[in-house]
There are 2 protein chains.
Amino acid sequence: MSNPDNLPRKAPVALEDCGAARALDVVPDRWTWLILRHLMYGVGRFADIQDDIGIPKSVLSARLAALVDQGLADKQPYRDGTARTRHAYVLTRKGRGLVPVILALMHWGDTHLKDGESALALTDRRTGAPLRVALTPEDAALPLRRLRYRPVQGRTG
Amino acid sequence: MSNPDNLPRKAPVALEDCGAARALDVVPDRWTWLILRHLMYGVGRFADIQDDIGIPKSVLSARLAALVDQGLADKQPYRDGTARTRHAYVLTRKGRGLVPVILALMHWGDTHLKDGESALALTDRRTGAPLRVALTPEDAALPLRRLRYRPVQGRTG
DNA sequence: AAGGCTGAGTTCATTTGTCAAACCCTGATA
DNA sequence: TATCAGGGTTTGACAAATGAACTCAGCCTT
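Note that the structure is predicted; figures quoted are calculated from it, not measured. (Residues numbered from 1 in each chain as written. Chains lettered and ligands numbered in written order. Predicted model: local features only at pLDDT ≥ 70, side-chain atom pairs only at ≥ 80, totals over all residues. Heavy atoms only, no water.)

Colleague: I keep staring at the overall build of chain A and nothing clicks. Help me out?
Modeller: Regarding its fold elements, chain A presents six helices and five strands. For chain A, the sequential pattern of α-helices and β-strands runs α-α-α-α-β-β-α-α-β-β-β. The principal-axis extents of the C-alpha atoms in chain A amount to approximately 65 × 40 × 30 Å. The buried share of chain A, taken over its 157 residues, is 46%. At a minimum sequence separation of 6, the contacts of chain A that also span at least 24 residues come to 48%. With an accessible surface of roughly 7,500 Å², chain A has 46% of that area assigned to carbon and sulfur atoms. (Helix = DSSP H or I, 4+ residues; strand = E, 2+ residues; numbered from the N terminus. Buried < 20%, exposed > 50% of the residue type's maximum accessible area, 1.4 Å probe, protein only. Contact = heavy atoms within 4.5 Å. Areas by Shrake-Rupley, 256 points an atom, 1.4 Å probe, with all protein chains shown as cover.)

Colleague: What is the right way to look at the pattern of salt bridges in this model?
Modeller: Two side chains of opposite charge can pair, provided their charged atoms sit close to one another. Scanning all chains against the criterion turns up 12 salt bridges over all chains. Here Arg9 of chain B makes a salt bridge to Asp48 of chain A, at a shortest N to O gap of 2.6 Å. Pair noted here: Arg9 of chain B is in the segment before α1 (19-26) and Asp48 of chain A is in helix α3 (residues 46-53), and the two residues belong to different chains. Judged by relative accessible area, which is 45%, Arg9 of chain B ranks as partly exposed. When its relative accessible area of 9% is taken as the criterion, Asp48 of chain A is described as buried. A salt bridge links Arg45 of chain B to Asp48 of chain B; the nearest nitrogen and oxygen atoms lie 3.7 Å apart. One exposure class covers both Arg45 of chain B and Asp48 of chain B, and it is buried. Via salt bridges that share partners, Arg9 of chain A together with Arg45 and Asp48 of chain B belong to a single interconnected network. (Salt bridge = Lys/Arg side-chain N within 4 Å of Asp/Glu carboxyl O.)

Colleague: Before we go on, may I ask you to explain the environment of Ala73 of chain A in this structure?
Modeller: Residues and elements named next belong to chain A. Relative to the assigned elements, Ala73 resides in strand β1 (residues 73-79). Spatially, the C-alpha atom of Ala73 lies 6.2 Å from that of Gly95, the residues being 22 residues apart in sequence. Once residues lying within four places of it in the same chain are set aside, the contact partners of Ala73 are Leu39, Leu67, Val68, Val90, Leu91 and Thr92.

Colleague: I keep staring at the interface of chain B and chain A and nothing clicks. Help me out?
Modeller: Many descriptions give the size of an interface as the accessible area lost when the pieces come together. With 83 residues of chain B at the contact, the number on the chain A side is 83 residues. Both sides of the chain B and chain A interface together cover about 7,900 Å² of buried area, and 68% of this is carbon and sulfur. Between chain B and chain A we count four salt bridges in total. Counting the contacts that link chain B with chain A gives 26 residue pairs in polar contact (both at pLDDT 80 or more). Per-element accounting of the side of chain B that touches chain A gives the leading share, 10 residues, to helix α6 (residues 99-112) of chain B. (Buried area = accessible area lost by both parts, 1.4 Å probe. Polar contact = N/O pair within 3.5 Å; in protein donor to acceptor, adjacent residues only side chain to side chain.)

Colleague: For this particular structure, what's the right way to read the relation of the copies chain B and chain A?
Modeller: Copies of the same chain, two in number, are related to each other by a rotation about an axis and a translation along it. At an RMSD of 0.0 Å, chain B and chain A line up after a rotation of 180° and a shift of 0.0 Å along the axis. Read as a symmetry element, the transformation amounts to a two-fold axis. No C-alpha of chain B approaches the rotation axis more nearly than that of Asp29 of chain B, which lies at 2.5 Å. (Least-squares fit on C-alpha atoms with pLDDT ≥ 70 in both.)

Colleague: Help me understand the protein's contact with DNA strand C in this model?
Modeller: Around DNA strand C, 17 residues are found, and the nearest of them are Trp31, Arg63 and Arg84 of chain A together with Lys57 and Ser61 of chain B. Contacts to DNA strand C include Trp31 of chain A, whose side-chain N or O atom sits 2.9 Å from a phosphate oxygen. With respect to DNA strand C, the side chain of Lys75 of chain B contributes an N or O atom lying 3.2 Å from a phosphate oxygen. Looking at the surface near DNA strand C, the elements with two or more residues in it are α4 (57-69) of chain A together with α3 (46-53), α4 (57-69) and β2 (85-91) of chain B. Grouping the constituent residues of the surface near DNA strand C by class yields six nonpolar, five polar and six charged. (Near = heavy atom within 4 Å. Nonpolar A, V, L, I, M, F, W, Y, C, P; charged D, E, K, R; others polar.)

Colleague: Which parts of the structure should I look at to understand the packing of helix α2 (residues 30-40) of chain B against α3 of chain B?
Modeller: All names here are of chain B. As a packed pair, α2 and α3 sit with axes 11 Å apart at the nearest point and diverge in direction by 125°. On the basis of their axis angle, the class for α2 and α3 is oblique. For the crossing formed where α2 meets α3, the hand is right-handed. Facing Trp31, Leu34, Ile35, His38 and Leu39 of α2, the residues of α3 in contact are Ile49, Asp52 and Ile53. Broken down by class, the residue content of the contact of α2 with α3 amounts to six nonpolar, one polar and one charged. (Axes fitted to C-alpha atoms, helices over the stretch in contact; angles between N-to-C directions. Parallel < 35°, antiparallel > 145°, perpendicular 65-115°, else oblique. Left-handed = near helix turned anticlockwise from the far one by under 90°.)

See the structure below:
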């Protein structure tokens, strides 16, 4: 984005004015991102998240509380069959807004840390066309509700 | 992405196969993201980064070494005017690949943590059209070299 | 040649956060 | 009434972050 000579000495946007910098106060660490990834898939039960990502219970508890606190997730009661009432964490609208960030990160990881193939296919729910999160003209941006994802079979690593 | 009943109990993609999860091993924390943000703007000198984001020198040193180690940044010598040879950290291609992630995060922060106005305007270098990082059909995705950014005046918070 | 300045670190003591295991609480069921 | 399981909280050992002090090398001045 710049050659080594004639280097800018400071960022064009100060940290206080930068949405990315502010977002990092809300989602500062690896665990929080991994939790959000699970919530994105609708996996919202405490034990399910804990088992899958291997986070200590105390940390998961703190992170979930922070997410609820900041309005990214809600703690909702639900009933599974005949059992008693349980609770699940569900993304709010604000939390769902981070889905493109996670998908952009996934695309980068698939491209640069794997073989370039994603384990998740993204398509347009309406047209079936393949989708990505990428730089695009504003008027070509699609709303999240158009997104359908499907795991790709047989790809491992 | 799912209603509370009939919850999925696990993510459709295992962590080992997920590009996002792998990416988080490379960029696990707030400091690393803030450093990448500066490198994105071409701010690559140790002291400039340190002063601007308020990171302890020991941590900055370790993070920059990790970024170089993982091939996201290079340490390049350069000369500024009559002074002696210095070094600056510059994103590699792999590192530049994270720019859309940072821009997506910025968009989310601008929308949900500020007043919805960005402090940075993104336009198409060729057509001048406003750009965003968003969900889009694959064939509407633009390469990064089409991106031009310009700080927006007078907006503070 | 001696001394000083500066950018870019390293070292170190202290505080803070993470981890895993053990414990607790609540509501449904036997 | 006792028991059981999910969903936590508490605990104490351990690792990482912090900020101040220190180091080091190269250029600049004298």
